[in-house]
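Take a look at the letters that make up each chain.
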Amino acid sequence: MKLLAIILTALLEVVPAGSSFLRQLQPRDSILIADQLEYGFRLDSVRTGTQLALPDFSEASNDTLAVVRGWQVDTLSNRRFMRRNGMVNLSVSMVIAPFEEGEYQLPPIPVQRTLDGKIDTLVFDPSAFEACTMPVDTATFEIHDIKDQIRYPVTPQEVAPWLLGLKMFIALAGALAIFIWARRRRRRGEDALRSQDPAHIVALRELDKYRSDKFWAPEKQKQFYSGITDALKNYIDSRYGVDAPEMTTAELFDALKSEKSLSPELYNGLKGLFETADFVKFAKFVADDQENARALPLAVRFVTETYQAEIAQEDAPADGGEAGRN
């Protein structure tokens, strides 16, 4: 058993101030090695302006009894009349920890108090404690392997929430699948109806969406020119059998050179429209109002003239046959 004692030097004007306190930070029925203990004192009705000088116990800290935390002063709750009179209750403590088994005799706590120029020393009675280790019966002690984690059987109450969640998930997934299926079916129906319309009707319908000059704003010009050229490419694909949506502007107009239904004026105007669209879409070019105003009428003119040329070609053999018979 180890006995720890610290002898204090004699102090003048020593005033007994009561007992110190010693309590575990993690209370239990015994103090084990490495447990942390709070050692300190309480001082009631301390007037405002009182100065306290606390002893330095850091030199007493060693491998046997260590000072984990130095002094800490806490203000306790006090009654209203004490606050009005400028008085508080104080709790002053430090944290220590034993690291060897045995009995420990803690030192008394001398506190130098200064108030209104008067200096005295308050001494709080010491405390003692015994540190223990976990008892081991060496006669019957036997080392065993570490046991696996205990696995308890799953109960219906534990499974029920998961089954309910699974049912809800299946129901939501089914509803979402039905919604997506119905939406796609409706779109396929709309696409089928649209595909029944002639190519020039589809093109003119798409071009009609861009009649407003609100698309002339710089931030909307890319949408404006992309919409016009996309509608024209789809029309060219249907009208001439040219894979226009997959072609560059140069490739597209190389393929249209041989089309006799296109006048040089219309061919050159349409080519300029596509080149302007490329600058707007890919080079951040901003077209002026004159170019914007000319774009949509030119696209409509191209669709209507080429469609009329197609009608004329279809009617030409019939007219020629009638003339021959006459």
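One structure accompanies this document, and this report is about it. The model shown is predicted, which means the values in this text are computed figures rather than measured ones.

This part takes up the sheet that holds strand E11 (residues 128-132). Judged by pairing direction, the sheet is mixed, and its 3 strands sit side by side in the order E3-E11-E8 without closing on themselves. Every interior strand has two partners, whereas the edge strands, strand E3 (31-32) and strand E8 (102-105), have only one. Note that E3 and E11 share 2 bridges and pair parallel. Paired with leucine 32 across the bridge in E11 is cysteine 132.

Before going further, it helps to spend a moment on the nonpolar core. Grouped together as the largest cluster of nonpolar side chains are 32 residues, with contacts concentrated most on Ile228, Leu232, Leu273 and Phe302. Listed by contribution, the elements that provide at least two residues to this core are helix H3 (199-207), helix H4 (221-240), helix H5 (249-255), helix H6 (264-282) and helix H7 (289-325). Per-element tally for this core: the top contributor is H4, with 8 residues. In this structure leucine 232 touches Leu207, Leu270, Leu273, Phe274, Ala299, Phe302 and Val303, once residues within four positions along its chain are discounted.

Inspection of the entire model under this criterion finds 10 salt bridges. Across the pair aspartate 44 and arginine 42 runs a salt bridge whose closest N-O atoms are separated by 2.7 Å. Here aspartate 208 and arginine 211 are joined by a salt bridge, their closest N and O atoms 2.5 Å apart. Three or more residues joined by partner-sharing salt bridges are found here, namely Glu265, Arg301 and Glu305.

With that settled, the discussion passes to the packing of aromatic side chains. One pass over the structure, following the stated rule, counts 12 aromatic pairs. Three or more aromatic residues link up through ring pairs in this structure, and these residues are Phe41, Phe57, Trp71 and Phe124.

Here we take up the side chain of serine 91. Within the secondary structure, serine 91 is located in strand E7 (residues 87-98). Residue serine 91 is classed as buried on the basis of its relative accessible area, which comes to 8%. Not counting chain neighbours up to four residues away, the residues in contact with serine 91 comprise Phe21, Arg23, Phe41, Gln72, Val73, Asp74 and Leu76.

We now examine the sheet that holds strand E4 (residues 37-47). Read across the sheet, 4 strands follow the order E2-E4-E7-E6 without closing on themselves; strand pairing throughout is antiparallel. Of all strands in the sheet, those with a lone pairing partner are strand E2 (21-24) and strand E6 (65-76), marking the two edges. Across this sheet, the average inter-strand angle for adjacent strands is 25°, counted without regard to direction. As judged from the 9 bridges shared by E4 and E7, these two strands associate in the antiparallel manner. In the sheet register, arginine 42 faces E7, and the bridge partner there is serine 91.

A word on the environment of lysine 222. With respect to the helices and strands, lysine 222 occurs in helix H4. Distance in space between the C-alpha atoms of lysine 222 and phenylalanine 279 is 9.4 Å, their sequence separation being 57 residues.

Helix length check: H6 (19 residues) gives 27 Å between terminal C-alpha atoms against 27 Å at 1.5 Å per residue, within 8%. Buried within H6 are the following residues: Leu266, Tyr267, Leu270, Leu273, Phe274, Thr276, Ala277, Val280 and Lys281. Positive phi appears at lysine 284, one or two residues downstream of H6, with a value of about 55°.

Further remarks concern the packing of H4 against H6. Packed helices, taken two at a time, are described by the angle their axes make and the gap between the axes. At a minimum axis distance of 9 Å, the contact between H4 and H6 shows a crossing angle of 140°. The orientation of H4 with respect to H6, classified from their angle, is oblique. Regarding H4 and H6, the two cross each other, and that crossing is left-handed. Where H4 abuts H6, its residues Gln221, Lys222, Tyr225, Ser226, Ile228, Thr229, Leu232 and Lys233 lie against Leu270, Leu273, Phe274, Thr276, Ala277, Val280 and Lys281. Looking at the contact of H4 with H6 residue by residue, the class counts come to 8 nonpolar, 4 polar and 3 charged.

The rules behind the values
- Residues numbered from 1 in each chain as written.
- Predicted model: local features only at pLDDT ≥ 70, side-chain atom pairs only at ≥ 80, totals over all residues.
- Heavy atoms only, no water.
- Pairing = 2+ DSSP bridges.
- Helix = DSSP H or I, 4+ residues; strand = E, 2+ residues; numbered from the N terminus.
- Core = buried A, V, L, I, M, F, W, Y, C linked by side-chain atoms within 4.5 Å.
- Buried < 20%, exposed > 50% of the residue type's maximum accessible area, 1.4 Å probe, protein only.
- Contact = heavy atoms within 4.5 Å.
- Salt bridge = Lys/Arg side-chain N within 4 Å of Asp/Glu carboxyl O.
- Phe/Tyr/Trp six-rings, centres within 6.5 Å; stacked < 30°, edge-to-face > 60°.
- Axes fitted to C-alpha atoms, helices over the stretch in contact; angles between N-to-C directions.
- Expected span 1.5 Å × (residues − 1).
- Parallel < 35°, antiparallel > 145°, perpendicular 65-115°, else oblique.
- Left-handed = near helix turned anticlockwise from the far one by under 90°.
- Nonpolar A, V, L, I, M, F, W, Y, C, P; charged D, E, K, R; others polar.

These results come straight from atomic positions and should not be treated as a statement about function.
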